[in-house]
Amino acid sequence: MTRTAWGIGLATTSEIDHAVLEAWYPTPALGEPGTASPWDVPAEIGALEVVDPVRRVRRDVVRTEIDLDAAPASAADAYLRLHLLSHRLVAPNTINLDGIFGALANVVWTSAGPCSPVEFELTRARLQARTPGLSVHGVDKFPRMTDYVVPSGVRIADASRVRLGAHLAAGTTVMHEGFVNFNAGSLGEAMIEGRVSQGVVIGDGTDVGGGASIMGTLSGGGKQRVSIGRRSLLGANAGLGISLGDDCVVEAGLYVTAGTKISLLGDASSYDVDLTDAASDGEGHPVVAAHLLSGLDGLLLRRHSLTGGVQALPRAARAVELNAALHAQ
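Report on the accompanying structure. (Residues numbered from 1 in each chain as written. Predicted model: local features only at pLDDT ≥ 70, side-chain atom pairs only at ≥ 80, totals over all residues. Heavy atoms only, no water.)

**Describing the pattern of salt bridges**
We count it as follows: When a carboxyl oxygen of Asp or Glu lies within 4 Å of a side-chain nitrogen of Lys or Arg, that pair is called a salt bridge. Numbering of helices and strands starts at the N terminus; helices are DSSP runs of H or I of at least 4 residues and strands are runs of E of at least 2. Using a 1.4 Å probe on the protein chains alone, a residue whose accessible area is under 20% of its type maximum counts as buried, one over 50% counts as exposed, and one in between counts as partly exposed.
Going through the model one piece at a time under the given rule, you end up with 13 salt bridges. Of the charged contacts, one joins R81 and D77 as a salt bridge, the two residues approaching to 2.4 Å between their closest N and O atoms. Of this pair, R81 and D77 both sit in helix 2 (residues 75-86), four residues apart, which is roughly one turn of the helix. Accessibility expressed as a relative area gives 6% for D77, which makes it buried. A salt bridge links R230 to D246; its shortest N-O distance comes to 2.7 Å. Taken together, the residues R230 in the loop between strand 19 (227-228) and strand 20 (233-234) and D246 in the loop between strand 21 (239-240) and strand 22 (249-250) connect sequence positions 16 residues apart. Taking the relative accessible area as the measure of exposure, R230 reaches 42% and is therefore partly exposed. When salt bridges that share partners are traced, they join E15, R58 and D60 into one network.

As structure tokens, then:
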């Protein structure tokens with residue numbers, strides 16, 4: 001069956017080059033609109049239609065219905081998909097976002113609203129006359145999530161570091177240096193003090209430490225989407241290019257990519273990995289590429305303090321626990 005979604009919103013169009021700069025859908029919904037006057041425009045939305053001669057844009061009501069399994073067909077279509085993610089109506093990696101960058105215009109995001117980058121210095125001059133102290137927040141295809149959606153039960157210390165299309169489950173805290181891209185985020189309570197790249201999801205009870213980075217797939221040729229399971233810890237300034245299962249810990253400062261060679265300490269049979277062709281580290285421990293451990297539960301990944309070699313150990317039952325006070329709603 002075709003999966004659909006729809007919404008009534010407001011789209012901003014540049015009168016300079018007629019590009020659709022952005023669209024806002026206050027109450028997007030899954031499924032089909034139905035038959036009971038579904039496209040009636042709420043008075044609160046209709047009242048916001050406007051032409052702004054200073055920014056040289058117009059804001060019009062849009063009625064958008066999309067096929068979630070087809071690629072985005074327009075800017076309005078793309079924005080509805082991003083809203084569905086941030087409203088937590090769909091999870092990351094469950095809808096088609098192919099070609100979304102081509103569907104979105106580059107926008108100058110200002111304290112007076114979105115503007116076209118075409119002839120922006122003239123627009124800036126007009127805006128300065130109307131709005132002294134104008135600020136430019138960024139030049140990008142994606143806006144801040146909180147300018148469009150504020151999910152319930154979350155804390156975001158710096159709104160500029162969470163893009164529209166991020167999926168933040170209730171109980172999630174994003175600290176000042178945390179970053180969450182579109183089509184990425186948390187599936188339960190989580191502490192995010194590092195970088196959650198596009199396509200990455202982290203499970204309930206997991207902590208991404210300060211300065212930590214999780215590899216995405218937008219550039220560099222990587223195709224494998226990384227995920228972290230429940231009750232896991234990615235240490236401060238660590239990096240991750242493989243998936244982790246539940247109850248895992250990566251030592252602070254350790255960067256593990258798919259090709260990192262890892263010695264398996266402890267009972268080798270506990271890793272559920274084919275060791276037929278495994279090398280040896282000279283101390284009787286098999287050595288495998290990290291990608292063979294991708295998605296396994298209960299791992300501790302660390303460095304040998306003298307040699308610097310990367311080691312894996314099965315973890316004891318003690319679970320990673322978030323500070324409940326920091327995630328209380």
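There's plenty left to go through after this.
**Here's the deal with the packing of aromatic side chains**
We count it as follows: Within 6.5 Å between ring centres, the rings of Phe, Tyr and Trp (the latter by its six-membered ring) count as paired, and their orientation is classed by plane angle as stacked under 30 degrees, edge-to-face over 60, tilted in between.
Inspection of every chain in the model, using the stated rule, returns five aromatic pairs. Where Y79 meets Y148, the ring centres are 6.2 Å apart and the plane angle is 40°; that geometry is what we call tilted. One end of the pair, Y79, is in helix 2; the other, Y148, is in the loop between strand 8 (136-140) and strand 9 (155-156), with 69 residues separating them in the sequence. Seen in terms of ring centroids, F142 and F182 are 4.4 Å apart; in terms of plane orientation they differ by 15°. Their pairing is stacked. One end of the pair, F142, is in the loop between strand 8 and strand 9; the other, F182, is in the loop between strand 12 (179-180) and strand 13 (184-186), with 40 residues separating them in the sequence. F182 matches F142 in its accessibility class, with the two residues each being buried. Among the aromatic residues, those joined into a ring-pair cluster are F101, F142 and F182.

**Regarding the pairing of strand 1 (residues 4-14)**
Cut-off, in case you're wondering: Should DSSP find at least two bridges between two strands, the strands are taken to pair.
Most of strand 1 sits out of view: eleven of its eleven residues are buried. Sheet analysis places strand 1 next to strand 5 (residues 57-67), joined by eleven bridges and oriented antiparallel. Paired with A5 across the strands is I66, a residue of strand 5. The sheet contact formed by strand 1 and strand 2 (residues 20-24) spans four bridges and is antiparallel. Its bridge partner being in strand 2, A11 is matched across the sheet by A23.

**Describing the sheet that holds strand 14 (residues 190-192)**
With respect to topology, eleven strands assemble into an open sheet ordered 9-11-14-17-20-22-27-28-24-26-25, the strand pairing being mixed. Taken across any chain shown, the strands that pair with only one partner, and hence form the sheet edges, are strand 9 and strand 25 (279-280). In the sheet, strand 22 pairs with strand 27 (residues 299-303) via two bridges, with the strands oriented parallel. The partner of V250 across the bridge, within strand 27, is L301.

**Topic: the nonpolar core**
The condition is simple: The definition of a nonpolar core used throughout is a set of buried Ala, Val, Leu, Ile, Met, Phe, Trp, Tyr and Cys residues joined through side-chain atoms within 4.5 Å. The contact rule is simple, with two residues in contact once any of their heavy atoms fall within 4.5 Å.
Among the nonpolar cores identified, the biggest contains 68 residues, and V180, I214, L234, I262 and L293 are the most heavily contacted of them. A total of seven residues in this core trace back to one element, the largest contributor, which is helix 2. Not counting the four nearest positions on each side in its chain, V180 is found in contact with R161, V162, R163, A166, L168, V174, G185, I192 and V196. Grouped together as the second largest cluster of nonpolar side chains are six residues, V54, V108, C115 and L127 included.

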